[in-house]
Amino acid sequence: MKTIRQLKRELLCAIVAVFVATFALTSSTYAWYVANNSVMATTATVSAKTNGFVLQIANAEDGTVHGTGGTLTHTFTTGGILSPASSDDMKHWYVPQGWNEQGKITSYMTPNFDSGSDAKPGQYTVSGTKYFAYIRSDYVVYTVSETGFANVYLEDGGAEYPPIEITTHGGTGVSTFTDSLRVAITTQGYDQTTRKGTGTEDLRFVYAVKNETGIGNDSTGKSGWTSIQLDGETVKLDNVTYKYLYQGHYTDQNGKNWAASKTGDNFTVPDGSIPIASNVDYNGILVHVYIWLEGTDADCVNGKSIENDTTTYDVTINLAGVATGS
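About the criteria used
Residues numbered from 1 in each chain as written. Predicted model: local features only at pLDDT ≥ 70, side-chain atom pairs only at ≥ 80, totals over all residues. Heavy atoms only, no water. Helix = DSSP H or I, 4+ residues; strand = E, 2+ residues; numbered from the N terminus. Contact = heavy atoms within 4.5 Å. Areas by Shrake-Rupley, 256 points an atom, 1.4 Å probe, with all protein chains shown as cover. Buried < 20%, exposed > 50% of the residue type's maximum accessible area, 1.4 Å probe, protein only. Phe/Tyr/Trp six-rings, centres within 6.5 Å; stacked < 30°, edge-to-face > 60°. Core = buried A, V, L, I, M, F, W, Y, C linked by side-chain atoms within 4.5 Å. Pairing = 2+ DSSP bridges. Salt bridge = Lys/Arg side-chain N within 4 Å of Asp/Glu carboxyl O. Lys, Arg positive; Asp, Glu negative; His and termini not counted. Polar contact = N/O pair within 3.5 Å; in protein donor to acceptor, adjacent residues only side chain to side chain. pLDDT = per-residue confidence, 0-100.

## Brief notes about the overall build of the chain
Tallying secondary structure elements over the chain gives 2 helices and 24 strands in all. Relative to all contacts within the chain whose residues are 6 or more apart in sequence, the contacts with residues 24 or more apart total 73%. For the chain, the exposed surface amounts to about 13,600 Å²; the carbon and sulfur share of it is 47%.

Listed below in structure tokens is the structure:
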């Protein structure tokens, strides 16, 4: 174990105000549902200065804003109808296409994502109605004034600052929604001129509120963490290939820890931990945050409690920057 001075910390993404309606194609309450969704805002991102080091966060489209390390606040808003979807790599996305007599899903299709200047990531249109397979927000994370390099982890600040937290407003929330919600973080190189990603987008992990052990709505049903995947020319359900975390467990299925524990102004990072991003510098790295409803989750089912839900769901991610070589 080693204790490392903090750079710090807080990144966040998205907020989901939800009520759910039945998908027109469903034949029973066991099929995937569609959430009529409006994302209201995101919480602020904050940077904090320690020993001349600052880890800063900005919306990717705004670019890096280098300064003295004062607090930076950013917001992200969008809206639409969030349809349950599935992906194993954040590149290939699928929604249901066909059902059997038992209401189990037998086939899938890739949404025809909208294009054009007004199209948002994950947006597609069916019969004139816009849906979202996923909501994505993009941030550039960087250090200030070429002060050095930082590794970025989830920040585990205990009950006050959990690494990832889902909170509710305007209602108590519905577990079938929160339990099928997924949050993924990917990283990518960042071009300062175009303010866009460069090179390969790397999926780091996927988070859920609880460990998935049940069998979902696919006709070939498998227990545990599952997704729809492309195998050659075949689309099929299978157990996920990505690393996953869930509430209170920030060590993945391979035994690798992704969180730095905070005590006072210090972070403790266990040996064998994996940073979300390594050696982040003045030029920064692009961090994408995806939020979606995992349709293969056993909790992703219709019900009156979902259909009538008007709760706003806030998803917050806290990140810690740790100086390399400390």
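## Overview of the environment of E294
Within the secondary structure, E294 sits in the loop between β22 (285–293) and α2 (304–307). Note on E294: relative accessible area 0%, which makes it buried. Taking the C-alpha atoms as reference points, E294 and S227, separated by 67 residues in sequence, lie 7.8 Å from one another. The residues contacting E294, other than those within four sequence positions of it, are A85, S86, S87, S180, R182, T226, S227 and C300.

## Thoughts on the packing of aromatic side chains
By the definition in use, this model includes 9 aromatic pairs. Here the aromatic rings of Y124 and Y131 are separated by 5.6 Å at their centres, their planes lie at 25°, and the arrangement is stacked. Like Y131, Y124 is buried. One aromatic cluster is present, formed by W93, F113, Y124, Y131, Y134, Y290 and W292 through successive ring pairs.

## What about unusual backbone geometry?
In the Ramachandran plot, S127 falls in the positive-phi region, its phi being about 50° despite a non-glycine side chain. Position of S127 among the secondary structure elements: in the loop between β9 (123–126) and β10 (129–132). With a phi angle near 50°, N279 is a residue other than glycine that sits in the positive phi range. Relative to the helices and strands, N279 is located in strand β21 (residues 277–280). N279 gets classed as partly exposed once you look at its relative accessible area, which sits at 45%.

## Structural notes on the environment of Y242
On the secondary structure map, Y242 appears in the loop between β17 (234–239) and β18 (244–246). The exposure class assigned to Y242 is buried, which follows from its relative accessible area of 4%. Counting along the chain gives 10 residues from Y242 to D252, while the straight-line C-alpha distance between them is 9.5 Å. Setting aside its immediate chain neighbours within four residues, Y242 contacts S87, D88, L203, V206, W225 and Q253.

## Comments concerning the nonpolar core
Counting 32 residues, the largest nonpolar core has L154, F205 and I317 as the members making the most contacts within it. Elements represented by at least two residues in this core include exactly β5 (53–59), β11 (135–143), β12 (150–156), β14 (181–191), β15 (196–208), β21, β22 and β23 (312–317). Ranked by residue count, the leading element in this core is β22, at 5 residues. Sequence-distant contacts of F205, that is, excluding residues within four places in its chain, are made with L154, I164, V183, A184, I185, K243, L245, W258 and I276.

## Things to note about the pairing of strand β24 (residues 319–323)
With 5 of 5 residues buried, β24 is to be regarded as a mostly interior element. The alternating pattern of β24 places L319, G321 and A323 on one face and A320 and V322 on the opposite face, and all of these are buried. Where β12 meets β24, 5 bridges bridge the pair, whose relative direction is antiparallel. Across the sheet, A150 pairs through a bridge with A323, a residue of β24.

## Focus on the pattern of salt bridges
Summed over the entire model, instances satisfying the criterion amount to 9 salt bridges. A salt bridge links D138 to R136; its shortest N-O distance comes to 2.8 Å. We classify D138 as partly exposed; its relative accessible area is 23%. A salt bridge links D202 to R204, with the nearest nitrogen and oxygen atoms 3.0 Å apart. On the accessibility criterion, D202 (35% relative accessible area) is partly exposed. Taking the relative accessible area as the measure of exposure, R204 reaches 16% and is therefore buried. Because the salt bridges share partners, they merge into one network encompassing K222, D231, K236 and D238.

## Details of the side chain of E212
By the secondary structure assignment, E212 is in the loop between β15 and β16 (226–231). Among buried charged residues, E212 stands out as having no salt bridge; its nearest opposite-charge side chain is R182, 4.4 Å away. Side-chain polar atoms of E212 contact the backbone nitrogen of G214, separated by 2.9 Å. Excluding residues within four positions of it along the chain, E212 makes contact with R182, G224, W225, D297, A298 and D299.

## Here's the deal with the confidence of the model for the chain
Residues shown with low pLDDT carry predicted positions that ought not to be read at fine detail. Scored by pLDDT, the chain has a mean of 75; 72% of the residues are at 70 or more. Per-element averaging of pLDDT across the chain places strand β2 (residues 15–21) at the bottom with 30 and β18 at the top with 98. Below a pLDDT of 50 lies the segment residues 1–52, which in the model reaches 239 contacts outside its immediate sequence neighbourhood of four places, other chains included. A low-confidence stretch, residues 69–79 stays under pLDDT 50, and its non-local contacts, those more than four residues away or across chains, total 42 contacts.

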